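Below are the chains, spelled out letter by letter.
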Amino acid sequence: MKPFHFALAIGLATAQFGAVAQAADITGAGATFPFPVYSKWAEAYRKETGTGLNYQSIGSGGGIKQIQAKTVDFGATDAPLKGPALEKDGLVQFPTVMGGVVTVVNIAGVEPGKLKLTGELIADIYANKITKWSDAKIAAVNQGLKLPDSPITPVYRSDASGTTSIFTTYLSAVSESWKKEFGAATTVSWPAGQGGKGNEGVTATVKQVPNSIGYVESAYAKQNKLSYALIQNKAGKFPAPDDKAFQAAAASADWKAAPGFGISLVNQAGDEAWPITAATFILVYKDPADPAKSADVLKFFDWAYKNGDKLATDLDYVPLPDNVVSLVHTEWKEIKGKDGKPVF
């Protein structure tokens, strides 16, 4: 697909979703990571219930700001808030689905899954220490693959991004030099490359810029037929980035280990585990100004837990395990109306 057509396709998708939003009585904003699955859920939910959803895919930082400003019914973030922040703002946080962040490339002749990278290589590329695809360190793990003697253009998120938080958390876990120089955050000081707003913007930029590399949620790579790299995991294997690999990363996760389920799933053990796996989260108020709206939010996500698994897996997201959904339902009891009773 040519860049112009890609942009048009995104515009049509946004316009189509906007048509749903016009009749919406639930509003949310934030992470671009789950936007494809929230869009599918919203479409199906409206057909079934008549209730719409207006979700603004503006990045995790924007979603946190909007829920703090109380301009939306829920915020969405891939970078979970820690316990003190949740307590300070009176927020309840819960996960919806899991997915993977993948590195996508635009290298002539390199098909999806043919390029192999290690975490250290990715860190050095984004740190501007490896600047050409012909670098000997890349060649060492890609014997037999023809790579150009061309400069690499790293593409990164220009907005405050949960996807960036996940990606840099992973880089910090596998590269001590990255951890010391840049660390993990929703925004970092990138030393080289080009920025794109949202997963959509990074996707478009990688498609347009030859010899570029970017990081996006796997659904964007799949939907836009981007070439992706295999990434070596903690066990030394190179699994494919699919729901099986994301499930493997989450298999032994202790969801009770952090307030608001805010655990990290990057660099997990296991031969089949995808190394950059993460959950995405929703933020709502414990004592909402409009309890009926908060109840509608919970009804939507309850429907998604019960009916949205296939829509999620079709996009390579991983539904939450049943035991985690049960924990989420218990957490929802903290969200109360004016009478002090749970809204859902």
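Everything below is about the structure shown above.
Below or above, wherever it landed, is the structure these notes cover. Bear in mind that the values here come from a model prediction, so they are computed numbers and not experimental data.

Description of the overall build of the protein
Step number 1: Check the secondary structure of the protein and you find 14 helices and 13 strands.
Step number 2: Compactness check: the protein gives a C-alpha radius of gyration of 20 Å against a globular reference of 20 Å for 344 residues, within 12% of the reference.
Step number 3: Projected onto the principal axes, the alpha-carbon positions of the protein cover approximately 65 × 40 × 35 Å.
Step number 4: Within the protein, the proportion of its 344 residues that are buried is 55%.
Step number 5: A fraction of 76% describes how many contacts in the protein between residues 6 or more apart in sequence connect residues 24 or more apart.
Step number 6: Per element, the accessible surface of the protein, about 14500 Å² overall, is 50% carbon and sulfur.

Looking at the packing of aromatic side chains
Step number 1: Under the defined criterion, the tally for this structure stands at 22 aromatic pairs.
Step number 2: Between Tyr126 and Tyr215 the ring centres are 5.9 Å apart and the planes differ by 65°, which places this aromatic pair in the edge-to-face class. One end of the pair, Tyr126, is in helix α5 (residues 119-126); the other, Tyr215, is in strand β8 (residues 212-217), and 89 residues separate them in sequence. Residues Tyr126 and Tyr215 agree in their burial class; the two are buried.
Step number 3: An angle of 35° between the planes, with centres 6.0 Å apart, marks the rings of Trp190 and Tyr215 as tilted. In this pair, Trp190 is assigned in the loop between α8 (176-181) and β7 (194-196) and Tyr215 in strand β8, connecting sequence segments 25 residues apart. Here Trp190 and Tyr215 have matching classes, each one buried.
Step number 4: Taking the ring centre of Tyr285 as reference, the NZ or CZ of Lys70 above it sits at 5.0 Å.
Step number 5: Over the aromatic face of Phe238 sits the side chain of Lys116, whose NZ or CZ is 5.0 Å from the ring centroid.

Structural notes on the environment of Ala31
Step number 1: Within the secondary structure, Ala31 is located in the loop between β1 (24-30) and α2 (35-49).
Step number 2: Since its relative accessible area comes to 0%, Ala31 is described here as buried.
Step number 3: Each C-alpha atom, one on Ala31 and one on Ser57, is 6.0 Å from the other, the two residues being 26 residues apart in sequence.
Step number 4: Beyond its immediate chain neighbours, meaning those up to four positions away, Ala31 contacts Tyr55, Ser57, Gly59, Ser60, Ala76, Thr77, Asp78 and Thr280.

Things to note about the side chain of Asp302
Step number 1: Note on placement: Asp302 falls in helix α12 (residues 291-307).
Step number 2: Classification of Asp302 by relative accessible area gives buried; the value is 9%.
Step number 3: Reaching out from Asp302, the side chain makes a polar contact with the side chain of His329 at a distance of 2.8 Å.

Describing the environment of Asp25
Step number 1: For Asp25, the position within the fold is in strand β1.
Step number 2: Taking the C-alpha atoms as reference points, Asp25 and Leu226, 201 residues apart in sequence, are found 35 Å from one another.
Step number 3: Residues within four places of Asp25 in sequence aside, it is in contact with Thr51, Gly52, Asp73, Lys293 and Asp296.

Focus: unusual backbone geometry
Glycine aside, residues mostly have negative phi, and peptide bonds are mostly found in the trans state.
Step number 1: Backbone geometry places Lys70, a non-glycine residue, at a positive phi of 60°.
Step number 2: By the secondary structure assignment, Lys70 is in the loop between α3 (60-68) and β3 (74-77).
Step number 3: Even without a glycine there, the phi angle at Asn128 is positive, about 65°.
Step number 4: Along the chain, Asn128 falls in the loop between α5 and α6 (136-140).

So, the pairing of strand β6 (residues 153-157)
Step number 1: Burial analysis of β6 places five of its five residues in the buried class, the great majority of the element.
Step number 2: Two elements, β6 and β8, share two bridges in a ladder whose sense is parallel. What sits directly across from Pro154, in β8, is Ile213.

Points about α3
Step number 1: Of all nine residues in α3, seven are buried; the element is thus mostly enclosed.
Step number 2: The first or second residue beyond α3 is Lys70, which carries a positive phi of 60°.

Conventions we followed
Residues numbered from 1 in each chain as written. Predicted model: local features only at pLDDT ≥ 70, side-chain atom pairs only at ≥ 80, totals over all residues. Heavy atoms only, no water. Helix = DSSP H or I, 4+ residues; strand = E, 2+ residues; numbered from the N terminus. Rg over C-alpha atoms; globule rule 2.2 N^0.38 Å. Buried < 20%, exposed > 50% of the residue type's maximum accessible area, 1.4 Å probe, protein only. Contact = heavy atoms within 4.5 Å. Areas by Shrake-Rupley, 256 points an atom, 1.4 Å probe, with all protein chains shown as cover. Phe/Tyr/Trp six-rings, centres within 6.5 Å; stacked < 30°, edge-to-face > 60°. Lys NZ or Arg CZ within 6 Å of the ring centre and 35° of its normal. Polar contact = N/O pair within 3.5 Å; in protein donor to acceptor, adjacent residues only side chain to side chain. Pairing = 2+ DSSP bridges.

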